[in-house]
Amino acid sequence: MKAAIYIRVSTHHQIDRESLPFQRKDLANYCEYALNITDYEIFEDAGYSAKNTDRPRYQEMMKRIRKGEFTHLIVWKIDRISRNLLDFASMWEELKEHEVTFISKNEQFDTSTAMGEAMLKIILVFAELERKLTAERVMSIMLSRAEKGLWNGAPVPIGYDWDDEAKCLRINDAEAAVVRLIYNLYEEHGSTLDVLRYLRMQNVPTKRGGRWTAKTVRDVLRSPTYKGTLRYNYQTGGRGKTKNENEWILVDDALPAIVRKSQWELVQKMLDENYKGTRSIREKAKHTHIFSGLLKCGKCGAGFLSMLDRPRKDGFRPSTYRCATASMLSKGEYRACAGFVSDVKMGPFIFQYLRNLVKAADAIRAHCPMQQVEHILLKGMPRDLVGIRTEDLSNTVASILGAAGELIDDGKRETAAATIDTQLLSQSRARYERALERLDRAYLFDDAGMSEKDYLVHRKELQEKLAEVNHELRKIHIAGRKETGDVDFIKRASRFLMSKQLLAGDSELDFVSISRRGCQEGSEEGKKLLKTFFSSVITQIEIQEKRVSAIQFEGGITHAFKVNTPS
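Computed from a predicted model, the values in this text were never measured in an experiment. (Residues numbered from 1 in each chain as written. Predicted model: local features only at pLDDT ≥ 70, side-chain atom pairs only at ≥ 80, totals over all residues. Heavy atoms only, no water.)

Participant: Quick question: what am I supposed to make of the sheet that holds strand β21 (residues 558–563) here?
Facilitator: Two modes of strand pairing occur in sheets, parallel and antiparallel, and in both the strands are linked by backbone hydrogen bonds. If you trace the 5 strands from one edge of the open sheet to the other, you get β10-β19-β20-β21-β16, paired in mixed fashion. Taken across any chain shown, the strands that pair with only one partner, and hence form the sheet edges, are β10 (295–297) and β16 (385–388). Here the strands of the sheet are splayed against their neighbours by 30° on average, with no regard to which way each runs. Both β10 and strand β19 (residues 538–544) contribute to a ladder of 3 bridges, which runs parallel. If you follow Lys296 over to β19, its bridge partner there is Glu542. On the sheet, helix α11 (residues 343–365) packs against β10, β16, β19, β20 (547–553) and β21 and is oriented at approximately 45° with respect to β20. Against the sheet, helix α18 (residues 525–537) contacts β19 and β20, and its axis sits at roughly 95° relative to β19. (Pairing = 2+ DSSP bridges. Helix = DSSP H or I, 4+ residues; strand = E, 2+ residues; numbered from the N terminus. Axes fitted to C-alpha atoms, helices over the stretch in contact; angles between N-to-C directions. Contact = heavy atoms within 4.5 Å.)

Now the structure itself:
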């Protein structure tokens, strides 16, 4: 054990008298004879007030406490540490974190005892009360300032600078021009995406040099600051949940205006019409975009923005996807990095390719030639799609055979030496896979089947056990096979397709027929089902020249397509 002894006298004491020597001697004796601690160090601040903890030796002592050098902190009286309850409470939190016992000799205050701990809690109750009273006083002052139209120190928005002398906002001419441009563009085009594309095309920075997003554009358009209105107490914590309007403080003409009030009001009406009013209504109006979040531009690396296309006669309303770097040049004219793609062509392509991949996996396990495997993968695909990158095809074959317990060695397949552990694990894996298939079949096709809750519970248990078995098998096989990729996603795809009876050749069940389920009732059940399925087996779809150029699957396997381009 090692103790830190802290002593202090303020400027109101006579430093050259017995105060400091007396504290030093008395606490050293207490440490040695009462606590049996002979290893101690004295920290002494002479001539410092207790109004705060900005004292050199105190700060040095706390720094060493944080390093774990002391087990005890001993003072003559509590006010030697601080007369500020908040400072004391803060210090105690640090002492507790580092398991340091606090002792005040004069008040017999020892946190290693039950009574000392109780006294400390009483002090901390008053410290918490002081915190809340201080917060209420500060909030009252801030509200009073806001009601007078005074700025309360929030981050300065784009278009303004802080005038430190006048203690108010003043217009930044260069930034104000950007704000006026945003309002003018939105008034003309009625789309935050159009405004966003223009700002990005022109490389216009935000206030702090960042990149514009749809949200930051919308925040500028929604802010009453730009018509000269001060808005305060609008959100919890500054940028949290929006408060009730009766709690807001709005002071007109309190700030220098950048846009006309008439223009600001017009923009608000346009926004309300476009975004269906409140956030809750917008959430209800959201549509499901099946491939949202999966698409990547093969030219610039950007993601794709999703939007709804016109509804078809059969009720199906597909989505279209445009590269996010598509830039607006003028009204109605776009310059797109990768053009756009639609569910109409991309959906059936992806869906058919996954069906082919499941069939190709069975062919690989049956040791079909590589050329035949590629033929299976390309069946039903567009005619100008002539092949799959050789490296990707080889990795897929190696991964599927490796997952089956076989080795790849210079193109030769060799059956792995069957050990007892491998045989037992393989048998367990087969049982769990069969159990999963039976469970899915019972839930999907048995009219008197189990409840959804029971189904999900049992399915999770089986999946966890199957994952454990696969993990043990991989540990056995990993030393003898080439590192390629995880092919569990093929099993997930297979189970989905089998549950929809697609492999049986039912032509009525395809991408479009599934995706339009529930569309007429507004539920978008089919779209949600497909989105969940694709997201579970695919991590990224690369788009080039308005078509799919590569698919990256869960587990790291990628298939890049070869296209026959006309000369």
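Participant: Before we go on, may I ask you to explain the pattern of salt bridges in this structure?
Facilitator: Proximity of charged atoms lets side chains of opposite charge pair with each other. What the rule picks out here adds up to 21 salt bridges. Residues Lys215 and Asp219 are paired through a salt bridge, measuring 2.8 Å at the closest nitrogen-oxygen approach. A residue pair is termed a helical-turn pair when its members lie 3 or 4 positions apart in one helix, as Lys215 and Asp219 do in helix α8 (residues 214–222) at 4 residues. On the basis of relative accessibility, which here comes to 38%, the residue Asp219 falls in the partly exposed class. Between Asp362 and Arg365 there is a salt bridge, with the nearest N and O atoms lying 3.2 Å from each other. With Asp362 and Arg365 both in helix α11, this residue pair falls 3 residues apart, about one helical turn. Through salt bridges with shared partners, one network takes in Lys2, Glu41, Arg64 and Glu69. (Salt bridge = Lys/Arg side-chain N within 4 Å of Asp/Glu carboxyl O. Buried < 20%, exposed > 50% of the residue type's maximum accessible area, 1.4 Å probe, protein only.)

Participant: Quick question: what am I supposed to make of the nonpolar core here?
Facilitator: Nonpolar side chains in soluble globular proteins generally cluster together in the buried interior. Phe291, Ile350 and Phe534 are the most contacted members of the largest nonpolar core, which totals 53 residues. The contact partners of Phe534, leaving out residues within four places of it in the chain, are Ile290, Phe291, Leu294, Ile350, Phe351, Leu354 and Phe511. (Core = buried A, V, L, I, M, F, W, Y, C linked by side-chain atoms within 4.5 Å.)

Participant: What am I meant to see in the sheet that holds strand β15 (residues 340–342) here?
Facilitator: Taking strand neighbours across the sheet as the criterion, the 3 strands line up as β11-β12-β15 in an open arrangement whose pairing is antiparallel. Looking along the sheet, the strands with just one partner apiece sit at the ends: β11 (304–308) and β15. This sheet shows a mean twist of 25° between the axes of neighbouring strands, independent of strand direction. Note: β11 against strand β12 (residues 319–323), 5 bridges, orientation antiparallel. When the sheet's bridge partners are listed, Ser306 is paired in β12 with Tyr321. Along the sheet face, α11 touches β12 and β15 and points at about 65° away from the line of β15.

Participant: Teacher, can you tell me more about unusual backbone geometry here?
Facilitator: Most of the time, phi is negative for any residue but glycine, and the peptide bond is trans. The residue Asn36 is not glycine, and still its phi comes out positive at about 60°. Within the secondary structure layout, Asn36 lies in the loop between α1 (19–34) and β2 (40–46). Residue class for Asn36 comes out exposed when judged on its relative accessible area of 62%. The phi torsion at His367 lies on the positive side, around 65°, for a residue other than glycine.

Participant: Where do I start with the packing of aromatic side chains in this structure?
Facilitator: How two aromatic rings sit relative to each other is set out by the distance from centre to centre and by the angle between their planes. A complete count under the given rule lists 13 aromatic pairs for this structure. Ring geometry for Tyr6 against Tyr58: centres 5.6 Å apart, planes inclined by 75°, an arrangement best described as edge-to-face. Of this pair, Tyr6 sits in strand β1 (residues 3–9) while Tyr58 sits in helix α2 (residues 56–66); the two residues are 52 residues apart in sequence, bridging distant segments of the chain. What makes Tyr6 buried here is its relative accessible area of 0%. Exposure remark for Tyr58: the relative accessible area of 4% places this residue in the buried category. Judged by centre distance (6.4 Å) and plane angle (65°), the rings of Tyr183 and Tyr226 are edge-to-face. Taken together, the residues span a long stretch of sequence, with Tyr183 in helix α6 (residues 173–189) and Tyr226 in the loop between α8 and β8 (230–232) at a distance of 43 residues. Both residues of the pair, Tyr183 and Tyr226, count as buried. Members of the aromatic cluster, each reached through a chain of ring pairs, are Phe291, Tyr321, Phe351, Phe511, Phe533 and Phe534. (Phe/Tyr/Trp six-rings, centres within 6.5 Å; stacked < 30°, edge-to-face > 60°.)

Participant: Quick question: what am I supposed to make of the packing of α6 against α8 here?
Facilitator: The packing of two helices is summarised by the inter-axis angle and the distance between the axes. Two numbers describe how α6 lies on α8: the axes approach to 10 Å, and their chain directions differ by 95°. As judged from the angle between their axes, α6 and α8 are roughly perpendicular. In contact with Val179, Ile182, Tyr183 and Tyr186 of α6, α8 contributes Val217, Val220, Leu221 and Arg222. Residue composition of the contact of α6 with α8, grouped by class: 7 nonpolar, no polar and 1 charged. (Parallel < 35°, antiparallel > 145°, perpendicular 65-115°, else oblique. Nonpolar A, V, L, I, M, F, W, Y, C, P; charged D, E, K, R; others polar.)

Participant: Just to check I follow, could you spell out the pairing of strand β7 (residues 168–171) for this structure?
Facilitator: Regular strands have side chains that alternate between both faces of the sheet. Note: strand β6 (residues 160–163) against β7, 4 bridges, orientation antiparallel. Looking at the pairing, Trp162 lines up with Leu169 of β7. Linking β6 back to β7 in an antiparallel pair, the connection comprises 4 residues, with Lys167 at a positive phi of about 55°.

Participant: I keep staring at the confidence of the model for the protein chain and nothing clicks. Help me out?
Facilitator: Interpretation of this model should avoid reading the predicted coordinates in detail wherever pLDDT is low. Put simply, the protein chain has an average pLDDT of 77, and 75% of its residues get 70 or more. Overall, residues 12–18 carries pLDDT values under 50, and its contacts beyond four positions in sequence, including any with other chains, amount to 6 contacts. Across residues 327–334 the pLDDT falls below 50, and counting only partners more than four positions away or on other chains, this stretch makes 21 contacts in the model. (pLDDT = per-residue confidence, 0-100.)

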